[in-house]
Amino acid sequence: MNILFIGDIFASVGRSLVARHLQDIISSEKIQLAIANAENSAGGFGITPLIAQELFSMGLDVLTSGNHIWDKKEIFDYLPRNPRLLRPANYPDELPGCGLLVTKARNGVQVAVMDLQGRVHMPATDCPFRKADVLLASLDAHVKVRIVDFHAEVTSEKMAMGWHLNGRVSAVLGTHTHVPTADERVLSGGTAYQSDVGMTGPYDSVIGSEKTLAVRRFLTGMPIRLDSAKTGGELHATVVTVDPQTGHAVGIRRFSCR
Ligand SMILES: [Fe+2]
Ligand SMILES: [Fe+2]
C-alpha cells in the first residue's frame, strides 16, 4: 500500500499547490492514506481551524505539525476536538492535542501516525526517543503500519531516530528544515527513512519567507517581521510503499511538482 506524506505546507502558495494536485496524486500514485505537515499553513506561522478544515476537505486524511503549532491561539480548542490534527507528542501531556493517531486507510488497513519533535536547536521538550518508545508500547500489535513525522533541525538527530526506530515503524520522515534531502532509503529493518521531505510552498524565498526581509534580518540582527513569499511554488512529498502484513517498507520515492 502507498502512503503519501507532503512536506510542510507553507502559506497560501502551499495550500493552493495541495488544492491543485492532491486528487491527481492520490489517483495516479494509488495512495491509501494522505498525510501532510501543516505547521506553516497559515501565512507561514501555525494553522487555524478554518485552514485545517480546508486542508481536510482537499482530501488529506491526517495533518501533522511541529514547533509552529502553537502560533495561532484559536487552534488550542480545535486540537482536542480534532484528533486528525497532530501536535508533537513530546510536548507536556497537559497541552492540548495529541501526537498519535490510529486511523483506517482507504484499503481498510489500520495505520498509526506519530508526530515527534527534535531537541537540537529546537524548543525544549521531553526526549523524543523515549517518547517514541512509549507511543510504540501503547500501540496494539496488530497495528503494523506506522508512520513517524520527526520534526527536527539537524540531520544527525533525524538519522539517529531512523536507526532507533528501525524495524519498529514503517517510516521515519523528517520535516521542519523546508529543504528536501536526497537520502531516501529503506533501512535494514524495513523502515523507510528520509532526513527531510521538504516544503510545499514558495521556493523563491528563504525557507518560505520573503527573501529580502530574511536577508536583512541576518544583516542587521534585528527581529524583522517576516512575510511569506509568493513565488516559486513547488510541492514536495514522499511516497512510502508498505507491506500491510508486516508493516515493513518495501520502497520510498520522492515526489515533486509545480
Ligand atoms: Fe515548517
Ligand atoms: Fe518547524
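Right, let's walk through the structure included here. (Residues numbered from 1 in each chain as written. Chains lettered and ligands numbered in written order. Predicted model: local features only at pLDDT ≥ 70, side-chain atom pairs only at ≥ 80, totals over all residues. Heavy atoms only, no water.)

### Quick look at the sheet that holds strand β6 (residues 145–151)
The condition is simple: Strands were regarded as paired on the criterion that DSSP finds at least two bridges between them. Strands are runs of DSSP state E lasting at least 2 residues, helices are runs of H or I lasting at least 4, and numbering of each runs from the N terminus. Should any heavy atoms of two residues lie within 4.5 Å, those residues are considered in contact. Note on geometry: axes are lines fitted to C-alpha atoms, helical ones only across the stretch in contact, with angles between N-to-C directions running from 0 to 180 degrees.
Strand order in the open sheet formed by 6 strands is β4-β5-β6-β7-β9-β8, and the pairing between neighbours is mixed. If you trace the sheet from one side to the other, it starts and ends with β4 (100–104) and β8 (185–186), each paired once. In the sheet, strand β5 (residues 110–117) pairs with β6 via 7 bridges, with the strands oriented parallel. Bridge pairing links Val 113 to Ile 147 in β6. Most of the contacts of helix α4 (residues 128–138) go to β5, to which it runs at about 160°, and overall it touches β4, β5 and β6.

### Remarks on the coordination of the iron ion (ligand 2)
So the rule is basically this: Because no water is among the atoms considered, metal sites can look incomplete, with donors defined as N, O and S atoms within 2.8 Å of the metal, or 3.2 Å for Na, K and Ca. Angular criteria define each label, namely tetrahedral for four donors with all angles between 85 and 135 degrees, square planar for four and octahedral for six donors with opposite donors over 155 degrees apart and remaining angles between 65 and 115, and irregular for whatever fails these tests. Three labels apply to residues, based on accessible area from a 1.4 Å probe with only protein chains included: buried if under 20% of the type maximum, exposed if over 50%, partly exposed otherwise in between.
Distances from the iron ion (ligand 2) to its protein donors, Glu 39 (OE), Asn 67 (OD1), His 151 (NE2) and His 176 (ND1), fall within 2.1 to 2.2 Å. Considering all 4 donor atoms around the iron ion (ligand 2), the spread of angles at the metal, 87 to 139°, places the coordination shape in the irregular class. Coordination of the iron ion (ligand 2) draws on donor residues from a single chain, spaced E-x27-N-x83-H-x24-H in sequence. A distance of 3.6 Å spans the gap from the iron ion (ligand 2) to the iron ion (ligand 1), which Glu 39 bridges by coordinating each metal. Here Asn 67, found in the loop between β3 (62–64) and α3 (75–81), pairs with His 151, found in strand β6; they are 84 residues apart in sequence, far enough to count as distant. For Asn 67, a relative accessible area of 17% gives the class buried.

### Details of the pairing of β4
Looking at chain direction, β4 and β5 are connected through 5 bridges and run antiparallel. Bridge pairing in β5 links Thr 103 to Val 111. Hairpin connection from β4 to β5: 5 residues lie between these consecutive antiparallel strands, with Gly 108 at a positive phi of about 90°.

### As for the coordination of the iron ion (ligand 1)
On the protein side, the iron ion (ligand 1) has Asp 8 (OD), Glu 39 (OE), Asn 40 (OD1) and His 178 (NE2) as donor atoms, found 2.0 to 2.2 Å from it. Its 4 donor atoms give the iron ion (ligand 1) angles of 86 to 162° at the centre, a pattern that matches the irregular case. Positions of the donor residues of the iron ion (ligand 1) along the chain correspond to the pattern D-x30-E-N-x137-H.

### Describing helix α2 (residues 49–58)
Residue pairs spaced three or four apart in an α-helix point in one direction, given the helix's 3.6 residues per turn. Heads up, the condition is: As used here, the arc belongs to the directions running from the helix axis to the C-beta atoms.
Along α2, the residues that are buried comprise Ile 51, Ala 52, Leu 55, Phe 56 and Met 58. Down the axis, α2 shows its buried residues gathered within 155° of arc, on one side only. For α2, exposure combined with an orientation more than 90 degrees from the buried face picks out Leu 50 and Ser 57. Of the surrounding secondary structure, the elements contacted by the buried residues of α2 are α1 (11–28), β3 and α3. Phi for Gly 59, located one or two positions after α2, is positive at around 120°.

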